[in-house]
Protein chains: 2
Amino acid sequence: MPGFRVGAAASGMRYKDRPDVAVIASEANDGAMASGVFTTNRFCAAPVELCKEHLEVNRRCRAVVVNAGIANACTGAEGIKNARETARLTAEALGVPTSSVLVASTGVIGQQLRMEPMAQTLPDLLANLRSDRWEDVARAIMTTDLVPKMASTTVEIGDRLVTSGKLVTIGGVAKGSGMIAPNMATLLAFVCTDAAVTPQVLDHWTRRGADRSFNCITVDGDTSTNDTLLVLASGAAGNAILADTESNDSRLFGQALEAVLVELARRIVMDGEGATKLIEIHVTGASDEASARAVALTVANSPLVKTAFFGEDANWGRIVAAAGRAGVPLDPERVTLSFDDVGVFRKGMPVSEPAVEEAASRVFKQKELRVHLDLGMGSAAFTAYTCDFSFDYVKINASYRS
Amino acid sequence: MPGFRVGAAASGMRYKDRPDVAVIASEANDGAMASGVFTTNRFCAAPVELCKEHLEVNRRCRAVVVNAGIANACTGAEGIKNARETARLTAEALGVPTSSVLVASTGVIGQQLRMEPMAQTLPDLLANLRSDRWEDVARAIMTTDLVPKMASTTVEIGDRLVTSGKLVTIGGVAKGSGMIAPNMATLLAFVCTDAAVTPQVLDHWTRRGADRSFNCITVDGDTSTNDTLLVLASGAAGNAILADTESNDSRLFGQALEAVLVELARRIVMDGEGATKLIEIHVTGASDEASARAVALTVANSPLVKTAFFGEDANWGRIVAAAGRAGVPLDPERVTLSFDDVGVFRKGMPVSEPAVEEAASRVFKQKELRVHLDLGMGSAAFTAYTCDFSFDYVKINASYRS
């Protein structure tokens, strides 16, 4: 990715013998334009507070420092002091303002960062950043994740009739395997691009992309104290700066960013704690988007629906029952439900043909499937992504702190 | 219970060799005063619709007919016809108006009742009702329940200075082991009393009792299509009719009814699908009751909190994180959390003393425990009851329809 250098190292702060601190640095002297979306949890972690504070006074970011293993959440004044010290150490080594350094953490809640290992790790790490170490970053930020998560795309922008188009790259890494497992999992995503873009336009597409990606997924319905999405734009592509949300180029950029965020979000769900399947809950025919969203997320979060996916039981009854308790006006007579292309419910009743039951069972044996619920009330739609609820989910979460 | 006769029989409609149809009948010619609270699910089952229709035109109930195994939900016009036919057959056998018969069902969604077994079973069953068969009723309405659930109490009402007090009995049965498992579980409760009470007063205490019992429990956060609470009052105790919600006698009756409903609700949670523990989530210091309720139920429904209970992991981080995402304004600095009498969190940070961690771990090994979360914002409170989330929950629900 032009304009960025990255790296990872093992601090030994909590894990033994594995990288647990990652850095993403902008090469430009004045840093990259930064935009952030953060957790709405009222117990927001110290690094989230510090990111908000820094972005308030400085939209240019020179470096992001991420640690895995200790979340630095519910850690009071000492937690904030340690987050600030991490930024200060980084800023000092790079010779940049502290406000241009952002931090993120994931791991156990309620434990303090260990600053001695952090201070010993940062100078070497910062001195050895390279442009091709993205997979190291993706691995260093993992906790209960089973696989590193990366995604990227390239899009050509600029009016090719007047000037030549410019190739813009967008790519990033993410981690997370529960929406929250406050001990060991959190949703973190860091996406970089070489596009040149104003802060207002970057905020617009970042917020919109988050709403259509990370805000559409659920593993267990919880929201972490540490959830953080940062998007950094270096401008190294040399495109005419994107300064308007309505221009074609800006839309192209927004779509490409959204595609990367959706891909990262899907990878998080596929790697959900104990997950064996990825399920798309597609709600259409709602009277408004809020209703579509409420129904999709109620279905996506229902433990009964999720255990049925795990059991490969094409249990339409649990899906309509979950839709029925979403707090949205529904007329059962107008609702239709299908699994991939197999219609299983219409006019308030199941489609009770043996061939339908068999076809539905086959769909439920797939690794990925699509539930389509049409409410027959209007034209609004929403798609949520979820995974199944397995023995391993219970196993992972019943015994995590030990 | 004076004024009622009950019984159960095996119809073979779905289960083999076990009672699956139960009847609760009032002995009085004009029946018992009836009050009902029903599911808020938009897909409400045919028997629920019929109960509402009958109670609209006739508040006196001569009989309640309950079947287990088939829920008669999502069954369209034929479902309503079958519910109506069940009431008609019962009314004919007893020589009473059809509107005085109420019906309830629990079991698989989307299957029609089999009316031939029902018609063959009812005459004998109705001819052999007795006053001492409550446990048979409690057993006949079970589905995934492991134990029958009964509770009763007696209270003396009436001004003993002027007249002699009258002993009033309140007792009933319930079933349910998920808030919903639309295939095989639903919350049903039938409570009878010999008190004489007006319909308005009975409605008042029934609604209030339901709010403080069944509406405070959760196994998996789902709401069934069939949930039904019926309270029948025969008047056989001969007390001066309770016609005022504010009188001392009326309050005594309301408290006794609430005690029976709370006991039945606790038994449902203790028998929750896969449950190994009963946990009370006690939220105090909220700015209003709605906030207290939102926080308590968010904690009570969190899969991460519930798996930690199963793992006997005194994981305060998951509890404060769940509270933080309940959508209620919170100041982490004011929140305190304790497990039974062990304070584990205050002023935004854990109480990090080894003795505290050990004591908290001991509390988590108990079969019943109390989580007390004080928000420090006001004086409103709410208590929710929940159970843990175990391997068996997944096992039961992954493979239920097969």
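None of these values were measured; they are calculated from a predicted model.

### Describing the overall build of chain A
Scanning chain A from terminus to terminus reveals 11 helices and 17 strands. A compact globule built from 402 residues should have a C-alpha radius of gyration of about 21 Å, and chain A, at 22 Å, falls within 12% of that. Taking the principal axes of its C-alpha atoms as reference, chain A extends roughly 70 × 60 × 30 Å. A total of 402 residues make up chain A; the buried ones form 61% of that total.

### What about the domain arrangement of chain A?
All names here are of chain A. Entries for chain A in the domain assignment read domain 1 (4-270) and domain 2 (278-398). Each of domain 1 and domain 2 has a C-alpha centre, and these two points are 33 Å apart. In this assembly, 11 residues from domain 1 lie in contact with 11 residues from domain 2. Of all elements in the fold, only β10 (217-218) and α6 (248-270) reach the threshold of two or more residues within the side of domain 1 that touches domain 2. With four residues, α6 is the largest single contributor of residues to the side of domain 1 that touches domain 2. Residue composition of the side of domain 1 that touches domain 2, grouped by class: seven nonpolar, three polar and one charged.

### Section: the sheet that holds strand β12 (residues 278-286) of chain B
The strands that make up a sheet pair up through hydrogen bonds in the backbone, lying either parallel or antiparallel. Residue and element names in this part refer to chain B. A sheet is described by the order of its strands in space; here seven strands give the open sequence β10-β17-β12-β16-β13-β14-β15, paired in mixed fashion. Looking along the sheet, the strands with just one partner apiece sit at the ends: β10 (217-218) and β15 (349-350). In this structure, β10 lies alongside strand β17 (residues 380-387), joined through two bridges in parallel fashion. Counted as the bridge partner of isoleucine 217 is tyrosine 385 from β17. Of the strands in this sheet, β10, β12 and β17 are in contact with helix α6 (residues 248-270), which crosses β17 at around 45°. Taken strand by strand, helix α10 (residues 354-364) contacts β13 (336-339), β14 (342-346) and β16 (368-374), and its axis lies near 120° from that of β14.

### Notes on the environment of B:Ile279
Following the sequence through the fold, B:Ile279 ends up in strand β12. Considering only alpha carbons, one finds B:Ile279 and B:Arg370, 91 residues apart in sequence, at a separation of 5.7 Å.

### Notes on the pairing of strand β12 (residues 278-286) of chain A
Residues and elements named next belong to chain A. Where β12 meets strand β16 (residues 368-374), seven bridges bridge the pair, whose relative direction is parallel. Bridging across to β16, glutamate 280 finds its partner in arginine 370. Looking at chain direction, β12 and strand β17 (residues 380-387) are connected through seven bridges and run antiparallel. Bridge pairing in β17 links alanine 286 to alanine 380.

### Thoughts on the environment of B:Glu92
Positionally, B:Glu92 belongs in helix α2 (residues 76-94). In sequence terms B:Glu92 and B:Pro123 are 31 residues apart; their C-alpha atoms lie 9.5 Å from each other.

### As for the sheet that holds strand β9 (residues 188-193) of chain B
Residues and elements named next belong to chain B. Spatially, six strands are ordered β4-β3-β11-β9-β8-β7 in an open sheet, and the strand pairing comes out mixed. Two strands in the sheet have a free side with no partner beyond their single neighbour: β4 (60-61) and β7 (149-157). In terms of strand pairing, β7 meets strand β8 (residues 166-175) through nine bridges, oriented antiparallel. Bridge pairing in β8 links methionine 150 to valine 173. Strands β3 (32-38) and β11 (228-233) of the sheet are contacted by helix α1 (residues 46-57), whose axis makes an angle of about 135° with β3. Those strands touched by α6 are β7, β8 and β9, and its axis lies near 165° from that of β7.

### Some words on the confidence of the model for chain A
Residues and elements named next belong to chain A. Residues with a pLDDT of 70 or more make up 95% of chain A, whose mean pLDDT is 91. Long-range and interchain partners of residues 179-184, a stretch whose pLDDT sits below 50, account for 37 contacts in this model, where long-range means more than four residues apart. Model confidence for the complex: the whole-complex pTM is 0.79, and ipTM, which rates the interface, is 0.74.

### Digging into the packing of α1(B) against α2(B)
Residues and elements named next belong to chain B. Following both chains from N to C, one finds α1 and α2 inclined at 55°, their axes separated by 8 Å at the closest point. Between α1 and α2, the angle is such that the two are oblique. For the element pair α1 and α2, the recorded crossing hand is right-handed. Each of Ala46, Pro47, Glu49 and Leu50 in α1 lies in contact with α2, whose residues at this interface are Gly79, Ile80, Asn82, Ala83, Arg84 and Ala87. Of the residues that constitute the contact of α1 with α2, the class distribution is six nonpolar, two polar and two charged.

### A short note on the pairing of β16(B)
As paired strands, β13(B) and β16(B) are joined by four bridges and run antiparallel to one another. Residue pairing in the sheet places B:Ser338 in a bridge with B:His372 of β16(B).

### Quick look at the nonpolar core
As a rule of thumb, soluble globular proteins bury nonpolar side chains together. By size, the foremost hydrophobic cluster in this structure holds 283 residues, and its most contacted members are A:Val64, A:Val295, B:Val64 and B:Val295. With near-sequence residues (within four places) excluded, A:Val64 lies in contact with A:Val23, A:Ile24, A:Leu102, A:Ala104, A:Phe190 and A:Leu230.

### Things to note about the packing of helix α7 (residues 289-301) of chain B against helix α9 (residues 316-324) of chain B
Residues and elements named next belong to chain B. α9 packs onto α7 with a crossing angle of 135° between their chain directions and a minimal axis gap of 8 Å. Comparing their axes, α9 and α7 come out oblique. Crossing angle aside, the handedness with which α7 passes α9 is right-handed. Of the residues in α9, those in contact with Val295, Thr298 and Val299 of α7 are Ile319, Ala322 and Ala323. Residues belonging to the contact of α7 with α9 are distributed by class as follows: five nonpolar, one polar and no charged.

### Topic: α9(B)
Residue and element names in this part refer to chain B. For α9, a buried count of nine out of nine residues is recorded, marking the element as mostly surrounded by other parts of the structure. For α9, the set of buried residues is Trp316, Gly317, Arg318, Ile319, Val320, Ala321, Ala322, Ala323 and Gly324. Looking at the buried residues of α9, the elements they touch are α7, α8 (303-310), β13, β14, β15 and β16.

About the criteria used
- Residues numbered from 1 in each chain as written.
- Chains lettered and ligands numbered in written order.
- Predicted model: local features only at pLDDT ≥ 70, side-chain atom pairs only at ≥ 80, totals over all residues.
- Helix = DSSP H or I, 4+ residues; strand = E, 2+ residues; numbered from the N terminus.
- Rg over C-alpha atoms; globule rule 2.2 N^0.38 Å.
- Buried ≥ 20, exposed ≤ 12 C-beta atoms within 10 Å, placed from the backbone.
- Domains from an automatic or database assignment.
- Contact = placed C-beta atoms within 7 Å.
- Nonpolar A, V, L, I, M, F, W, Y, C, P; charged D, E, K, R; others polar.
- Pairing = 2+ DSSP bridges.
- Axes fitted to C-alpha atoms, helices over the stretch in contact; angles between N-to-C directions.
- pLDDT = per-residue confidence, 0-100.
- Parallel < 35°, antiparallel > 145°, perpendicular 65-115°, else oblique.
- Left-handed = near helix turned anticlockwise from the far one by under 90°.
- Core = buried A, V, L, I, M, F, W, Y, C linked by C-beta atoms within 7 Å.

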